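Fold and contact review
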Amino acid sequence: MIPRALRFRRFSLRLLALLLGLLFAVLATTYLVVSRANERTAHDHARANLELTARIVSSTIGQRIESLAGNAKVMTGDDALKQVRRTGNNRTLASLLQSFSTRVNAPVITFYNADGDLLATSDPAMENENADPFRLLIREAIDQDLPQHTGFSYLKQELHVLIVVPYYAPYPNVFGWFGLAFPIDRAFAWKIRETTAVQLTYVSLDPPDRPRVLATTLPDHSLPPVLAAVLAANRDRLAHTLPPPTEIVPLPDDRYVTLIQFRAMLGEDPVALVLQRPLTPELRSARDLENYLLLTSLVALAAAAVLALVLSRSISEPVRQLAAHTEKIAAGDYASRLTLDRADELGQLATAMNQMSVGLSERDRVRDLLDKNVSPEVAAALLRDGSALGGQEREVTILFADLRGFTTLSEKLTPHELLTLLNRYLDRMSAAIEAHGGVIDKFIGDAIMALFGAPVAQADAADRALAAALAMEKALVQLNTELAAEGIAPLAIGIGVNTARVIAGNIGSHRRLNYSVIGDGVNVASRLQSLTRTPEYHTNVITSAATLAARRPTPPRSPASSPSSASSPLPTFRPLGTVPVKGRAEPVEIFAVG
Amino acid sequence: MSRPLLPLFALVLALAATRLAAGTVVVTVKDDKGQPVADTVVSLVPLDSAAAAVPPPAEPAVVSQQGEEFTPYVTAVAVGTRVSFPNHDKIHHQIYSESPAKPFAIPLHGPGAEQTLVFDQPGIVALGCNIHDAMSAYVVILATPHFLKTPSDGTARLADVPPGRYRLDVWHPRLKGDPRRDIVVTADTAATQSISVSLKPDKRLRRAPDGGGGGYK
Ligand SMILES: [Cu+2]
């Protein structure tokens, strides 16, 4: 039993492993594909967002420029300014510029004469040297006849956007220049960050080996080394004016999708604008999806495991039943039937096994029947090779027994009682015949035909037949005693015994074969039996001279050698003369056996 | 009445008033938080008779321009008082008013310049400088002799007030509401009037904006 249990388990495990393995492969592939697609989408989304932010930065700066330039144009017409200009007092002009600076929220307002000389500034801390970038812009504006001009530069070492606007007195006579500036500082960076949620950093790449943070929303205002390395790597692209690709830069708190753009400076090396967006928030909804997918996968795997177990059990359990049933059949139990309530191959197999059981039990029954009629050797010989028994001419002794007065009896009894009585009678008679080595050839109604010396030759076949006849008489006396006690009228019997050469073998169609004998001797035996009805003969058993001739010499017979000699005395024969037999030229000499 | 007699006449009048047992009104001005409020002009307007004619002081009041500020911030004067505006700075200033009591403009003027104007209508005059937005001042012109501007302790002591019924007026540049009240001044007594005022937030510009913060603060 243990090996089967192991096999069962192994089968279920194999099915389990197969199902789970397949499912796992599919789910894992799906998960990986989805995860990678999500990451790529997040990266693309972040890049698009960063590019938009870069445009927002430019547009924010542009709006501020337009706003300040517009203010400068209003200042151009201010009467107080014109009055102050007439006084030539530049200190008063500076204090007026301060008022302007407050009014228009311009961090730096400077004023230049038409030659580009700095006259006054709103920011007392601004040195004259800081006027150089403004002068550069003014010169370019004059050269290109621009109504206003802007550029990036450093003021007080800090990144600023500079705007120059002509001072007209009156238009289009340029009598001076306004120089306005606002810083690109941490406040600006945070302003952008508040609207775009993007980390923004301006970095000076001069000198290249020591990049300097100009403005940033990054914590602690310093450039992380990994970002510095990325900038250094991308600086070469600046020379080829190639836009650097977005990269994913790992910073301490997250991985950042990073976009780098360069901004030209007035007479200086460009500065880098670094825009960064953390990947995790971009991936959040995707991660939710992935977690959901993971959960679904686990549930699916669990369901598959349960399903595999159920399925394997639904296969292995009937297989186990079939195996147990096979063992039963092997043990000889053909009666039990296996019922599997299923229409599949296993159900068909069970049906086939049941049919096999039926077949086996049929065979068994046949063998059983043979066992009842012939000796086990004969039965075995018959089962082994039925054809060997066919078509032999041999000498056999044929015994015919018939119930006398059976017709009268049948009128008195119910069919059931009649049949019971008949079987009881036939049973006793058969026993007597078989006890003497005879083979029941057939029952013909209440008549019995038995053979001695066939299919297995017997040297004392005639003796056996005669002894059997006497034993049958005796058995009938015994049966009649029993019947009398039951209130049933006694039975009478007539027996004919004849010995002749006949053809012995299997007779019948190819579907149904009976081992029997045919020949004139059989008819004689039947005729002898019917002669027992002749009242003058006063006998129940009549035999022929042929049988007497076939008897073995009488004297030397040890009592133990023959089953009949011990129980029954030797038969005596009383000649009854000769009788003609239909179909025979010569009459037959008959004897009453007693 | 000849001119030399005028002071003498005033003196006699004042002595007579004293003799008529004038009262004293002590006004304390505090804000919502109980802090004393300076630069508050408190005045008493008689309700029983017309206010006595007040001769303007001989010396002009002075509102100077110094350090790009007007000093003092609030100046209370009687009707008809002359106010002088000296420029103590090294830069130019301009002064203007669009107040109905005294609309005027003193053109851009350089260091050392001094202009004097007579404020002959009662009312409040807001002063500004065309060049410096942070420069701001007020001149309060009153038609009663009983007025004072509170110093930093928020307390003004109005003495020599003839007995009678008065309206106590209160003015401050940032005053919310009108806390005026009627009071009775009795002889030889010092009555204390506690006035609680609500002030609007101070919106004066800083004198020298430092330009920091990039305008994004
Ligand atoms: Cu001024």
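Preceding this section is the structure that the text describes.
An account of the accompanying structure is given in this report.

What counts and how
Residues numbered from 1 in each chain as written. Chains lettered and ligands numbered in written order. Predicted model: local features only at pLDDT ≥ 70, side-chain atom pairs only at ≥ 80, totals over all residues. Heavy atoms only, no water. Donors = N, O, S within 2.8 Å, 3.2 Å for Na, K, Ca; no water. Tetrahedral: all angles 85-135°; square planar, octahedral: opposite > 155°, others 65-115°. Buried < 20%, exposed > 50% of the residue type's maximum accessible area, 1.4 Å probe, protein only. Helix = DSSP H or I, 4+ residues; strand = E, 2+ residues; numbered from the N terminus. Polar contact = N/O pair within 3.5 Å; in protein donor to acceptor, adjacent residues only side chain to side chain. Contact = heavy atoms within 4.5 Å. Core = buried A, V, L, I, M, F, W, Y, C linked by side-chain atoms within 4.5 Å. Phe/Tyr/Trp six-rings, centres within 6.5 Å; stacked < 30°, edge-to-face > 60°. Lys NZ or Arg CZ within 6 Å of the ring centre and 35° of its normal. Patch = residues over 30% accessible without salt bridge, like charges linked within 9 Å, V, L, I, M, F, W, Y side chains within 5 Å. Areas by Shrake-Rupley, 256 points an atom, 1.4 Å probe, with all protein chains shown as cover. Salt bridge = Lys/Arg side-chain N within 4 Å of Asp/Glu carboxyl O.

Once that is clear, we can look at the coordination of the copper ion. All names here are of chain B. Only His-93 (ND1), Cys-129 (SG), His-132 (ND1) and Met-135 (SD) from the protein reach the copper ion as donors, at distances of 2.0 to 2.7 Å. Around the copper ion sit four donor atoms, and with donor-metal-donor angles ranging over 85 to 147° the site reads as irregular. Along the chain, the residues that donate to the copper ion are spaced as H-x35-C-x2-H-x2-M. For His-132, a relative accessible area of 2% gives the class buried. Since its relative accessible area comes to 3%, Met-135 is described here as buried.

This paragraph deals with the side chain of Asp-123 of chain A. Residues and elements named next belong to chain A. Mapped onto the elements, Asp-123 comes out in the loop between strand S2 (118-121) and helix H4 (131-144). Of note is the side chain of Asp-123, whose polar atom sits 2.6 Å from the side chain of Lys-156. Setting aside chain neighbours within four positions, we find Asp-123 in contact with Val-108 and Lys-156.

This paragraph deals with the nonpolar core. In this structure, Ile-61, Phe-178, Leu-180 and Tyr-202 of chain A together with Phe-85 and Leu-127 of chain B are the most contacted members of the largest nonpolar core, which totals 73 residues. By residue number, the principal contributor to this core is helix H1 (residues 2-76) of chain A, which donates eleven residues. In this view, Phe-178 of chain A contacts Ala-72, Met-75, Thr-76, Leu-81, Leu-97, Ile-109, Thr-110, Phe-111, Ile-163, Val-164, Val-165 and Tyr-167 of chain A; residues no more than four positions away in its chain are not counted.

Here we come to the packing of aromatic side chains. Enumeration according to the criterion identifies ten aromatic pairs over all chains in this entry. Between Tyr-167 of chain A and Phe-178 of chain A, the aromatic rings sit 6.2 Å apart at their centres with planes inclined by 90°, giving edge-to-face as the arrangement. Of this pair, Tyr-167 of chain A sits in strand S4 (residues 158-168) while Phe-178 of chain A sits in strand S5 (residues 174-183), and the two are eleven residues apart along the sequence. Owing to a relative accessible area of 2%, Tyr-167 of chain A belongs among the buried residues under this scheme. With a centroid separation of 6.2 Å and an interplanar angle of 90°, the aromatic rings of Phe-104 of chain B and Phe-119 of chain B are classed as edge-to-face. A residue pair is termed long-range when its members are at least 10 positions apart, and Phe-104 of chain B in strand S9 (residues 104-109) and Phe-119 of chain B in strand S10 (residues 114-119) qualify at 15 residues. With respect to class, Phe-104 of chain B is no different from Phe-119 of chain B; both count as buried. An aromatic cluster is defined as three or more aromatic residues linked by ring pairs; in this entry it consists of Phe-111, Tyr-167 and Phe-178 of chain A. For the cation-ring pair, Arg-64 of chain A lies above Phe-182 of chain A, with the distance from its terminal atom to the ring centre recorded as 4.8 Å.

On to a nonpolar patch on the surface, then. Nonpolar side chains collect at one region of the surface, where Leu-311, Ile-315 and Val-319 of chain A lie side by side and expose about 210 Å² of accessible area between them. You can see Val-319 of chain A is positioned in helix H7 (residues 279-330).

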